[in-house]
Amino acid sequence: MREEGSKNKGKGVKAIVRDALEQYGGPFKVGEGYDGPKPTVLCLLLDSHWFGNA
Amino acid sequence: MHLVPGPNNIKITFIPPSQISQARFTTRITLHYLPLLQNPPLHLAIVLARDSDGQFEGPPDRPNGLDEAVKKLRTAGYLWQMYTAEQMFRNFPGAPGHGGSARRSFRLEEEWGLDTLSLQESDARRTTAKIHIVRSELTVAGNYDCRGSPFDDRYAGGGE
């Protein structure tokens with residue numbers, strides 16, 4: 001766990017969420033050669049203690 | 001009021017207090033709802049850590065599971081949509097095409113499913129906002145340890 005955290009330290013929540021959305025796929029995965037509007041996503045981070053004093 | 005695509009016949013009845021009048025006052029309007037599906041939607045998603053128990057912080061006597069989070073985010077999405085429309089109208093006065101704005105807003109991604117917007121009904125199915133449940137590959141501890149970026153520093157001291 002600690003190793004995982006160190007690997008991603010400073011990555012930022014936006015990058016974490018972007019990775020999660022790309023892995024999820026669905027409407028968030030944009031195919032090769034697509035130049036239309038990027039999908040706009042409003043995310044709720046359920047584990048709010050990500051930012052707290054857990 | 002839940003609109004369906006096409007004409008919606010709406011009847012509004014005012015029943016005054018009996019000491020004022022015994023009569024009922026009724027008016028009818030027809031609203032034509034045309035979903036603008038050509039506009040890209042705003043997607044709603046809940047992001048969970050890999051080992052998340054699917055609960056959020058809340059009062060101890062209130063439900064705080066994932067189902068409840070979905071309901072709350074769906075309701076919040078529609079409230080944001082209405083708020084945006086109202087603010088566009090208020091902040092850009094005048095007629096559309098002459099510097100003003102109508103009640104313009106974004107479109108939420110919707111799907112046919114169980115609607116949770118109203119407490120006055122249950123098991124109602126209609127077109128409603130879709131909420132994606134996204135699992136991060138990181139654990140809660142892993143995500144927590146990712147702090148350090150300028151974005152995250154705003155939350156340092158956290159919990160508020």
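This write-up is about the structure you can find in this document. Just so it is clear, the structure is predicted and the values come from calculations on it, not from any experiment.

**Some thoughts on the sheet that holds strand 1 (residues 40–45) of chain A**
Then step 1. Strand order in the open sheet made by the three strands is 1(A)-3(B)-6(B), with parallel pairing throughout. Looking at strand neighbours, the two that pair on one side only are strand 1 of chain A together with strand 6 (131–135) of chain B, the edges of this open sheet. On average, each strand axis in the sheet is tilted by 35° relative to the strand beside it, whichever way the strands run.
Then step 2. Helix 2 (residues 13–24) of chain A rests against strand 1 of chain A together with strand 3 (42–48) and strand 6 of chain B of the sheet, and its axis sits at about 105° to strand 6 of chain B.
Then step 3. On top of the sheet, helix 1 (residues 66–91) of chain B reaches strand 1 of chain A together with strand 3 and strand 6 of chain B; it is set at about 150° to strand 3 of chain B, its chief contact.

**A few points about the environment of B:Met88**
All names here are of chain B.
Then step 1. Here Met-88 shows up in helix 1.
Then step 2. By the C-beta count within 10 Å, which is 15 here, Met-88 ends up partly exposed.
Then step 3. Taking C-alpha positions, Met-88 is 35 Å from Pro-59, a pair spaced 29 residues apart along the chain.
Then step 4. If sequence neighbours within four positions are ignored, Met-88 has contacts with Ser-101, Arg-103, Arg-104 and Ser-105.

**Focus: the nonpolar core**
Then step 1. Residues A:Leu46, B:Ala45, B:Ile46, B:Val47, B:Leu48 and B:Val134 are the most contacted members of the largest nonpolar core, which totals 17 residues.
Then step 2. Looking at this core, the elements with two or more residues in it are helix 2 and strand 1 of chain A together with strand 3 and strand 6 of chain B.
Then step 3. For this core, the element with the most residues is strand 3 of chain B, which contributes five residues.
Then step 4. Apart from residues lying up to four places away in sequence, B:Val134 is in contact with A:Ala20, A:Leu21, A:Tyr24, B:Ala45, B:Ile46, B:Val47 and B:Leu48.

Cut-off values and rules
- Residues numbered from 1 in each chain as written.
- Chains lettered and ligands numbered in written order.
- Predicted model: local features only at pLDDT ≥ 70, side-chain atom pairs only at ≥ 80, totals over all residues.
- Pairing = 2+ DSSP bridges.
- Helix = DSSP H or I, 4+ residues; strand = E, 2+ residues; numbered from the N terminus.
- Axes fitted to C-alpha atoms, helices over the stretch in contact; angles between N-to-C directions.
- Contact = placed C-beta atoms within 7 Å.
- Buried ≥ 20, exposed ≤ 12 C-beta atoms within 10 Å, placed from the backbone.
- Core = buried A, V, L, I, M, F, W, Y, C linked by C-beta atoms within 7 Å.

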